[in-house]
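Listed here are the chains, written in short residue letters.
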Amino acid sequence: MTMTDAAPTGPSTATDGSAPLLDVRDLQMYFPVKSSGLIRRTVGHVQAVDGISFQIESGGSLGLVGESGCGKSTTGRLVTRLYKPTDGSIHFEGRDIAGLGPRQLKPLRRDIQMIFQDPYGSLNPRHTVGRIIGTPLEIHDVVPKKQVLPRVQELLEIVGLNPEHYNRYPHEFSGGQRQRIGIARALTLQPKLLVADEPVSALDVSIQAQVINLLQDIQREFNIGFLFVAHDLAVVRHFCPEIAVMYLGKIVEIGERDAIYQHANHPYTQALLSAAPDVKQAAIGGRRERIQLQGDVPSPINPPSGCRFRTRCSYAQDICAAVEPPLLQIGRRHKVACHFAGEIGHHPAEPVTAPLLGVDRHGDRVPGTDPTPGLGTDSGYSDTWYDFPGRRMVRDESA
Amino acid sequence: MDNFLSVRDLRVHFPTPDGVVKATDGLSYDLARGKTLGIVGESGSGKSVSSSAILGLHRGTNAQVSGEILLDGTNLLTITDEEMRQRRGKEVAMIFQDPLSAMHPYYTVGNQIAEAYRVHHDVNKKAARTRVVEMLELVGIPQPDRRVDDYPHQFSGGMRQRAMIAMALINDPSLVIADEPTTALDVTVQAQILDLLQKLQREFNTGIIIITHDLGVVAEMADDVLVMYAGKAVEYGPTKELLTHPEMPYTWGLLSSVPDLTADVDEKLVPIPGTPPSLLSPPKGCAFHPRCRYKDQVAGDLCVTQQPDLTPGSRGPGHLKRCHLTDPTVPNEEEVARS
C-alpha cells in the first residue's frame, strides 16, 4: 500500500473488472402515512429505506442484517421490485429496473426470484405442489406443456423431496419440507439472483441446517447471486462472504465477513455482535462483555438528525447530531458510516470524518473548506480508501 | 440442595380420535431456589406442555395428567382447583412468548398488572397502582407513572415483554416459567431482557424454568439443561458440562446444526436428518433412532427394539442420558456424515 492524494470519488470499480450482477445506488423507499378522516392527507413518511447502495456479484452473496424495522426486508422487496422505489436506481445486469412498469418487469421475474420466511403462508393451500412449482413454467412459457411435469419432478429431486409427491398438497408436508417447496418454486425459472428473506428463521433448529446446506449447494451448482436477509448473525456469517448491517433505513457498515465480525468499526455493529448469544462462548467460560444499548429503535417516521444511531450510541457527540456520517471505505472491502469509527477500545476522541466533510468537531462548517463531493455514495469498492488511524488516503497495490 | 420444585414422572397425555398423544411422557427434574433450568427441544417435543402442567393449565381440558409436581412439598396435581387458583400467579407465574397476544388490547397495561396483584392481595386500587408503577420502574420502563396508563399497542416489543415480566413478578413468586421469552425479540432487546431476568432473579431469589429452542440463550441463562425429544428427557445435566461434553446423539446434532460466530465457515453444517416424529405413533425403541447416525455402533438392534433408560452419564453427578451408546465421546461428525 502506498499513500496517494487521490480524492475518494473515483468511479466504482468492481474487483474483477466486470459489471456486478446487481448494483443498487441511493435506493430510497418512503411509505406515506395518511391522516385519518374523510380527506386522507399525507402527514408524513415512513423512511423505511433511505439512500442505500451496494453491489452483488454474479454468484456472490450479500447478507443484510439488522433489527426489525431497519428496512432489510423492504430492501429485499425493492430488489425483487415487489415495491417501486421512491428514488434511486437498481441496476440488474447493467439495466436500471427501478422505474420499470409491470409489463416490462415480467421477463425480469425469471431472473430475480424470492424465498419467503413463512413456509406456511407463502404456499397456496389449494394448489398441489406440482402446480405451485409448475405454474411459473407455464406463465413464462418456458417448456412445452408435456415437459412441465418432468421438470417439476427434477426440481423436487434437486431440493431433496420425493419426485412422486408432486400431486400432494402443502399441508401434507412439514415446515422444513415446505421451505424446500418454496425453494424449488424459486429455482423453477433458473434465476440469476435469489432474494431470501429470513429463509430459515421459522424452522426448527435441526431443520435450519438442512435448508442452509441446500441453499449453499444450490448456489454453488447454479451460480446464483443471493441477497440473504436475516436477523441471525451466525447464520448470515455462515452463508455470506459479504455482510451489510442496517439501522433505521441506512447501511451503517458493510464489508467482508472478517471485516464485520472481527474488525467491526461501527458502535452499532459492535453492540449487535456482543448481544448475540453464542453457545460455545457461553459454555466454555461465561459470556462476553455485552454492550448494552439503551432504549428502543427510534421511529422511522421522524428519525434523529445526523447519525440515526446517535440516540443510543455511547460515543455520540455534537457532530453526530449536526452532520450525517458518510459511508466511507476504510479497508479493501470494508465501509463504515460513523464519525468515531474504530474497533472496540479504539474509537477516536476526535471525529475522524470532520476534515473530509469540511466541518469542525462540533459539526459546524469551517469557512474556506468544502466537503469532499460524492462522499460515500459509491455502491462498490474503490482501490483507494481512507485509512482512519493514519488519517490519509491509501491505495491498494495488489489491485 | 434445597429443591423447592420436584417433578416426578410427569405424564401429559391427550386422547384424540386418532389415538393418545403422549406430549410429555415420564419427565422428572428438580429446581432449587434462585437457580435456572433450561428446557430445550424442537417444536412438539413437549417442553411447553410439561411446564403448563405446573401451572395447572390442563385442568378442565381432556388432558390426562399423572405423576407428581411437588412445589414446597405440595403436590400441585392433587390440590383442588381453588387451591391451584390461589397459587397460580402468586407462587408460580408465567412469562409468555408473544406479549402482544398475552396482553388484553382493551385494557391499559397498568390495569392488567394491577389485576394480577389485586387477585392475591387485598388492597385498594390506588395502592395497587403505586405497586405497579414500582414494578414497571424495576423492569426498566421509562416514565413508569405515565406509561402505566398506556395500552399494550403503545409499547414496543421489548417494553411489552418487560411489562409481562413485571406482571409475572409482582406477587414475588418463587417459580417463574418463561416460555420462549425472547424468541419474538431482536438480539439487542433479547440481551436486555435476559439481563433483566437474571438481575431480578438475584434480587428475588426466584427459580426460573426457561423454555427455548435457542441453545445460545440456554448457555447464557441456565444452570441446568434438560434436552427433550418426543416427550421425554434425553439428556439432563449441568449446562457447562452438557454443552461442552454432550453424550447423546440428539444433543450432538443440535449443537452441530447451528452455526456460531467463531466456527470455520468453510465447514458445512451437520444437520440432523429427517424430521421430528409424530407423537401419535412415536418410533419403537429409542424415539430418536430413525434420525440417529450412530445406531450402527450399538450391538444388535437394541436401538430399534428397546427404549433406553435415563442412566447416569460420565460428566459427574446429576448428568443423565438416554442412549444405548457405550462410548460417550462425540465421534467425528464429518466422518460419520461421509460414511
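The rules behind each value
Residues numbered from 1 in each chain as written. Chains lettered and ligands numbered in written order. Predicted model: local features only at pLDDT ≥ 70, side-chain atom pairs only at ≥ 80, totals over all residues. Helix = DSSP H or I, 4+ residues; strand = E, 2+ residues; numbered from the N terminus. Rg over C-alpha atoms; globule rule 2.2 N^0.38 Å. Buried ≥ 20, exposed ≤ 12 C-beta atoms within 10 Å, placed from the backbone. Contact = placed C-beta atoms within 7 Å. Nonpolar A, V, L, I, M, F, W, Y, C, P; charged D, E, K, R; others polar. Core = buried A, V, L, I, M, F, W, Y, C linked by C-beta atoms within 7 Å. Axes fitted to C-alpha atoms, helices over the stretch in contact; angles between N-to-C directions. Parallel < 35°, antiparallel > 145°, perpendicular 65-115°, else oblique. Left-handed = near helix turned anticlockwise from the far one by under 90°. Domains from an automatic or database assignment. Pairing = 2+ DSSP bridges.

Student: Kindly report on the overall build of chain B, identifying the contributing residues and their values.
Tutor: From N to C terminus, chain B includes 13 helices and twelve strands. A compact globule built from 339 residues would reach a C-alpha radius of gyration of about 20 Å, and chain B, at 21 Å, matches this within 12%. Over its C-alpha atoms, taken along the principal directions, chain B stretches across nearly 70 × 50 × 40 Å. Within chain B, buried positions represent 47% of all 339 residues. For chain B, restricting intrachain contacts to residue pairs at least 6 apart in sequence, the fraction spanning at least 24 positions comes to 64%.

Student: Could you give an account of the overall build of chain A, naming the residues involved and the relevant values?
Tutor: Helix and strand content of chain A: twelve helices and 15 strands. Computed over the C-alpha atoms, the radius of gyration of chain A is 23 Å, within 12% of the 21 Å expected from 2.2 N^0.38 for a compact globule of 399 residues. Once the C-alpha set of chain A is aligned to its principal axes, its extents read approximately 75 × 55 × 55 Å. Classification of the 399 residues of chain A by burial places 48% in the buried group. Sequence separation of 24 or more characterises 66% of the internal contacts of chain A that already satisfy a separation of 6 or more.

Student: Account for unusual backbone geometry, with residues named and values stated.
Tutor: Residues and elements named next belong to chain B. A positive phi angle, near 50°, is found at Glu180, a position not held by glycine. With respect to the helices, strands and loops of the structure, Glu180 is situated in the loop between strand S7 (175-179) and helix H8 (187-204). Phi angles above zero are rare outside glycine, and Ala230 is one such case at about 50°. Position of Ala230 among the secondary structure elements: in the loop between strand S9 (224-229) and strand S10 (232-238).

Student: I'd like a description of the interface of chain B and chain A, backed by residues and values.
Tutor: Counting residues at the interface gives 36 residues for chain B, matched by 36 residues for chain A. For the side of chain B that touches chain A, the elements supplying multiple residues, two or more each, are H8, helix H9 (215-221), helix H10 (239-244) and helix H11 (249-257) of chain B. Residue composition of the side of chain B that touches chain A, grouped by class: 16 nonpolar, 13 polar and seven charged.

Student: Describe the nonpolar core, with residues and values.
Tutor: Counting residues in hydrophobic clusters, the biggest one holds 195 residues, and the most contacted among them are Leu227, Phe228 and Val245 of chain A together with Ile113, Ala163 and Ala166 of chain B. If one sorts the elements of this core by residue count, helix H7 (residues 157-169) of chain B sits on top with eight residues. Not counting residues up to four positions away in its chain, the partners in contact with Ala163 of chain B are Pro99, Val109, Ile113, Leu136, Ile141 and Phe155 of chain B.

Student: Give me the lowdown on the packing of helix H6 (residues 205-222) of chain A against H11 of chain B, citing residues and values where you can.
Tutor: It is at 8 Å that the axes of H6 of chain A and H11 of chain B come closest, and there the two elements cross at 50°. By the angle between their axes, H6 of chain A is oblique relative to H11 of chain B. In this structure, H6 of chain A crosses over H11 of chain B, and the sense of that crossing is left-handed. Residues Val205, Ser206, Gln208 and Ala209 of chain A of H6 of chain A pack against Gly253, Leu254 and Ser257 of chain B of H11 of chain B. A per-class count over the contact of H6 of chain A with H11 of chain B returns three nonpolar, four polar and no charged.

Student: So what's going on with the domain arrangement of chain B? Which residues, and what values?
Tutor: Residue and element names in this part refer to chain B. Under the domain assignment used here, chain B contains domain 1 (3-222) and domain 2 (246-338). Measuring from the centre of the C-alpha atoms in domain 1 to the corresponding centre in domain 2 gives 31 Å. Examining the composition of the side of domain 1 that touches domain 2, we find that four residues originate from one element, strand S2 (residues 19-32), more than from any other.

Student: Account for the pairing of S9 of chain B, with residues named and values stated.
Tutor: All names here are of chain B. For S9, the tally of buried residues reaches six of six residues, placing the bulk of the element in the interior. With burial as the criterion, each face of S9 is covered, one bearing Asp224, Leu226 and Met228 and the other bearing Val225, Val227 and Tyr229. Summarising the sheet, strand S3 (residues 36-40) and S9 pair through four bridges and their orientation is parallel. What sits directly across from Gly38, in S9, is Val225. Taken together, the six bridges between S9 and S10 define a ladder with antiparallel strand orientation. Paired with Val227 across the strands is Glu235, a residue of S10. Counted between consecutive antiparallel strands, the loop separating S9 from S10 contains two residues, among which Ala230 sits at a positive phi close to 50°.

Student: Please give an account of the sheet that holds strand S3 (residues 42-56) of chain A that cites residues and values.
Tutor: Across the sheet, which stays open at both edges, the four strands sit in the order S3-S2-S5-S6 (chain A) with antiparallel pairing between neighbours. Looking along the sheet, the strands with just one partner apiece sit at the ends: S3 and strand S6 (95-96) of chain A.

Student: How would you explain the sheet that holds strand S10 (residues 242-247) of chain A if you had to name every residue and give the values?
Tutor: Either a parallel or an antiparallel arrangement is found when strands of a sheet pair, and the pairing is made through backbone hydrogen bonds. Residues and elements named next belong to chain A. In space, the eight strands of this open sheet follow the order S7-S8-S9-S4-S10-S11-S13-S12, with mixed pairing throughout. On the outer flanks of this sheet lie strand S7 (112-115) and strand S12 (328-331), each paired with one strand and no other. Within the sheet, the average angular offset between the axes of one strand and its neighbour, ignoring direction, is 20°. Helix H9 (residues 267-275) rests against S10 and strand S11 (250-256) of the sheet, and its axis sits at about 100° to S10.

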